[in-house]
Amino acid sequence: MARPAACLFDLDGLLLDTEPLHGQAWQQATRHFGMELASHHLLALRGRRRLDCAEQVRQWLAEAERQVPSTDELLAVRQPIAERLLPSARPIPGAPELLARCLELGIAVALVTSSSKAAVGLKAAPHPWLAGIHERVYGDDPELAAGKPAPDPFRLAAARLSVPPPRCWAFEDSLAGAHSARAAGCQVHVLLPEEADLAERLVAQLPKGCRLVRELTEVNLSTDD
Ligand SMILES: [Mg+2]
């Protein structure tokens, strides 16, 4: 894998350890409507936009023959829980160092996140090291036709950096994100979850050609092989 011309970073679960908190918020909201989410449900929600997740949860509630709230009703329960939890998220180990190394090597960087601009503001506020990423594709970006797992977010980020997707390394932790980046034509690095059962389930559903990463500290940007 040649040295990247650009690195495209997912946010949740890749740079910030927010996924357990997002999961907790969906779990509590879904429980409010009488259903308990299993770990495979939570894995399927990772990396997707809030409205896409809400639609998915409503579908599961319908399949479980529970009361199905409107999207607004569901989010009215979920959002306050998420907003309380998310500012406490910590950096993923090695993330600040990996970003700093990109900037040091002059590699272009972008954030490619399903989170809305407002949600990123909330989550990123305690993390000044994220300010080094100027180019950002948010889930509610006006130029975005479809969210992850569609290829649009990574395509848009690569276009804004004027780097062809095959010269971009995408860093993802979710199925939706890995499929999105791969379909866009990027070189994809997937950070595996610590939990062995989740990692196994994730790997089984990844697109072909992803490079698996156990820790961000393993990533070597200087390779010229
Ligand atoms: Mg993610």
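What you see is a predicted model; the values in this text were computed from it and never measured.

(A) Fine view of helix H3 (residues 50–63). With 14 residues, H3 should cover 20 Å at 1.5 Å per step; its first-to-last C-alpha distance of 20 Å lies within 8% of that length. Next to the buried residues of H3 lie helix H1 (19–32), helix H2 (39–45) and helix H4 (71–85). Phi turns positive one or two residues past the end of H3, at glutamate 65, with a value near 55°.

(B) Molecular detail of the packing of H3 against H4. Here H3 crosses H4 at 110°, and the two axes come no closer than 10 Å. Between H3 and H4, the crossing angle belongs to the class labelled roughly perpendicular. In this structure, H3 uses Leu51, Ala54, Val57 and Arg58 to contact H4, whose residues at the interface are Thr71, Leu74 and Leu75. Broken down by class, the residue content of the contact of H3 with H4 amounts to five nonpolar, one polar and one charged.

(C) Structural detail: the packing of H1 against H4. Where H1 contacts H4, the two axes come as close as 9 Å, and the packing angle between them is 145°. Here H1 runs over H4; the crossing is right-handed. In this structure, H1 contributes Leu21, His22, Gln24, Ala25, Trp26, Gln28, Ala29 and His32 to the contact, and H4 contributes Leu74, Val77, Arg78, Ile81, Ala82 and Leu85.

(D) Structural context of the domain arrangement of the protein. Entries for the protein in the domain assignment read domain 1 (6–17 + 90–218) and domain 2 (19–88). Centre-to-centre, using C-alpha coordinates, domain 1 lies 22 Å away from domain 2. Listed per partner, the contact involves 21 residues of domain 1 and 15 residues of domain 2. For the side of domain 1 that touches domain 2, the leading source of residues is helix H9 (residues 196–205), giving four residues. Classifying every residue of the side of domain 1 that touches domain 2 by side-chain character gives seven nonpolar, seven polar and seven charged.

(E) Local environment of the nonpolar core. Residues Leu8 and Phe9 are the most contacted members of the largest nonpolar core, which totals 57 residues. When residues are assigned to domains, this core turns out to be shared by domain 1 (6–17 + 90–218) and domain 2 (19–88), each giving three or more. The contacts of phenylalanine 9, once residues within four sequence positions are left out, are Leu14, Leu15, Val109, Leu111, Val112, Ile133 and Phe171.

(F) A look at the pairing of strand E1 (residues 6–9). Both faces of E1 are covered, namely the face carrying Ala6 and Leu8 and the face carrying Cys7 and Phe9. Across four bridges, E1 lies against strand E2 (residues 108–112) in parallel orientation. Across the sheet, residue cysteine 7 finds its bridge partner in E2, namely valine 109. Pairing of E1 with strand E4 (residues 168–172) involves four bridges; the strand directions are parallel. For alanine 6, the partnering residue across the bridge sits in E4 and is cysteine 168.

(G) Quick look at the sheet that holds E4. A sheet is described by the order of its strands in space; here six strands give the open sequence E3-E2-E1-E4-E5-E6, paired in parallel fashion. One side of each edge strand has no neighbouring strand; the edge strands of this open sheet are strand E3 (135–137) and strand E6 (211–213). The sheet shows a mean angle of 25° between the axes of neighbouring strands, direction not considered. On top of the sheet, helix H7 (residues 152–161) reaches E1, E2, E3 and E4; it is set at about 150° to E2, its chief contact.

What counts, and at which threshold
Residues numbered from 1 in each chain as written. Predicted model: local features only at pLDDT ≥ 70, side-chain atom pairs only at ≥ 80, totals over all residues. Helix = DSSP H or I, 4+ residues; strand = E, 2+ residues; numbered from the N terminus. Expected span 1.5 Å × (residues − 1). Contact = placed C-beta atoms within 7 Å. Axes fitted to C-alpha atoms, helices over the stretch in contact; angles between N-to-C directions. Parallel < 35°, antiparallel > 145°, perpendicular 65-115°, else oblique. Nonpolar A, V, L, I, M, F, W, Y, C, P; charged D, E, K, R; others polar. Left-handed = near helix turned anticlockwise from the far one by under 90°. Domains from an automatic or database assignment. Core = buried A, V, L, I, M, F, W, Y, C linked by C-beta atoms within 7 Å. Buried ≥ 20, exposed ≤ 12 C-beta atoms within 10 Å, placed from the backbone. Pairing = 2+ DSSP bridges.

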